[in-house]
Amino acid sequence: MPSPAQQFNETELKAAYLYNFAYFITWPEPAAPEFLFCSYANTPVTAILSRLIDGEKVHDRPIRLLIDPLPEQLHECHIVFIPVQQERVLATTLDYIHSFPVLTVSDIPDFDQRGGMVRLTTEDRRIQPVIHLQNVSRARLSVSSKLLRSSRIAE
């Protein structure tokens, strides 16, 4: 019988991590009326994420996915995903949201070293989050101990 990790492909696992970050990160109050995922480009990851969040709620708030947010919309996002294919928007995006409580996630190889918060990396055919705690705390976010235990911490 295949192990659970073998039953899902990399794209599905990245989408599942994005979805679950909504439950393992704490944002400062006040809570917005909806939980907003934002992503650059409609990628296979966002297509799966869209199916995962359809009709779902996070802390009693409906979840919505916004593809290709305008810069002035970024501060409304709870989680911004910047896929490796969209690396060209990384610096601008991080600059726009640096003072807002927005979790940034990417699969860009040096994302955490460039100011990002959570890098999704593939090691031994497994997806593992690499969390840059200083970048997370600078945005006034906190990470649950459950997520920290299953992640690698970047400095």
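Since the model is a prediction, treat every value here as computed from it, not as a measurement.

So, how was this worked out
- Residues numbered from 1 in each chain as written.
- Predicted model: local features only at pLDDT ≥ 70, side-chain atom pairs only at ≥ 80, totals over all residues.
- Heavy atoms only, no water.
- Phe/Tyr/Trp six-rings, centres within 6.5 Å; stacked < 30°, edge-to-face > 60°.
- Helix = DSSP H or I, 4+ residues; strand = E, 2+ residues; numbered from the N terminus.
- Buried < 20%, exposed > 50% of the residue type's maximum accessible area, 1.4 Å probe, protein only.
- Arc of directions from axis to C-beta.
- Contact = heavy atoms within 4.5 Å.
- Polar contact = N/O pair within 3.5 Å; in protein donor to acceptor, adjacent residues only side chain to side chain.
- Core = buried A, V, L, I, M, F, W, Y, C linked by side-chain atoms within 4.5 Å.
- Salt bridge = Lys/Arg side-chain N within 4 Å of Asp/Glu carboxyl O.
- Pairing = 2+ DSSP bridges.

(A) Local environment of the packing of aromatic side chains. In this structure the tally under the stated criterion is four aromatic pairs. Relative to F21, the ring of Y17 lies with its centre 5.9 Å away and its plane at 40°, an arrangement referred to as tilted. With a gap of four residues between them, Y17 and F21 both fall in helix 1 (residues 10–24), about one helical turn apart. A ring pair is formed by F35 and F37, whose centres lie 5.3 Å apart and whose planes are at 65°; its orientation type is edge-to-face. The class of F35 is buried, set by a relative accessible area of 0%. Taken together through their ring pairs, the aromatic side chains of W27, F35 and F37 make up a single cluster.

(B) Layout of helix 3 (residues 90–97). Every buried residue of helix 3 is accounted for by L90, T93, L94 and I97. Along helix 3, the residues classed as buried sweep out an arc of 95° about the axis, all on the same side. Facing away from the buried side of helix 3 by over 90 degrees, the exposed positions are A91 and D95. In this fold, the buried residues of helix 3 make contact with strand 5 (79–82) and strand 6 (103–106).

(C) Fine view of the side chain of S39. Along the chain, S39 turns up in strand 2 (residues 35–39). In this structure the side chain of S39 is engaged in a polar contact, spanning 3.5 Å, whose partner is the backbone oxygen of A41.

(D) Layout of the nonpolar core. Counting residues in hydrophobic clusters, the biggest one holds 31 residues, and the most contacted among them are L18, F21, F37, I79, L103 and V105. The set of elements that each furnish at least two residues to this core consists of helix 1, strand 2, helix 2 (44–53), strand 4 (61–67), strand 5, strand 6, strand 7 (118–123) and strand 8 (126–132). The greatest single-element share of this core, amounting to six residues, is contributed by helix 1. Leaving out residues up to four positions away in the same chain, V105 has contacts with L18, F21, I79, V80, F81, I82, F111, V118 and L120.

(E) Structural view of the pattern of salt bridges. What the rule picks out here adds up to seven salt bridges. For K14, the salt bridge goes to E10, with nearest N and O atoms at 3.1 Å. Residue K14 and its partner E10 are both found in helix 1; the two are separated by four residues, about one turn of the helix. Classification of K14 by relative accessible area gives buried; the value is 8%. By relative accessible area, E10 is classed as partly exposed at 39%. For E123, the salt bridge is made with R152, and the minimal N-O distance between the two is 2.2 Å. Of the two residues, E123 is situated in strand 7 and R152 in strand 10 (residues 152–154); the sequence distance between them amounts to 29 residues. Owing to a relative accessible area of 33%, R152 belongs among the partly exposed residues under this scheme. A cluster of three or more residues bridged by salt bridges with shared partners is formed by E10, K14 and D107.

(F) View of the pairing of strand 4. By the bridge criterion, five bridges tie strand 2 to strand 4 in an arrangement that is parallel. Bridge pairing in strand 4 places C38 opposite L66. Here strand 3 (residues 57–58) runs beside strand 4; their pairing, made up of two bridges, is antiparallel. Bridged to K57 within strand 4 is P62. Taken together, strand 3 and the strand that follows it, strand 4, pair antiparallel across an intervening segment of two residues, in which H59 is found at a positive phi of about 50°.

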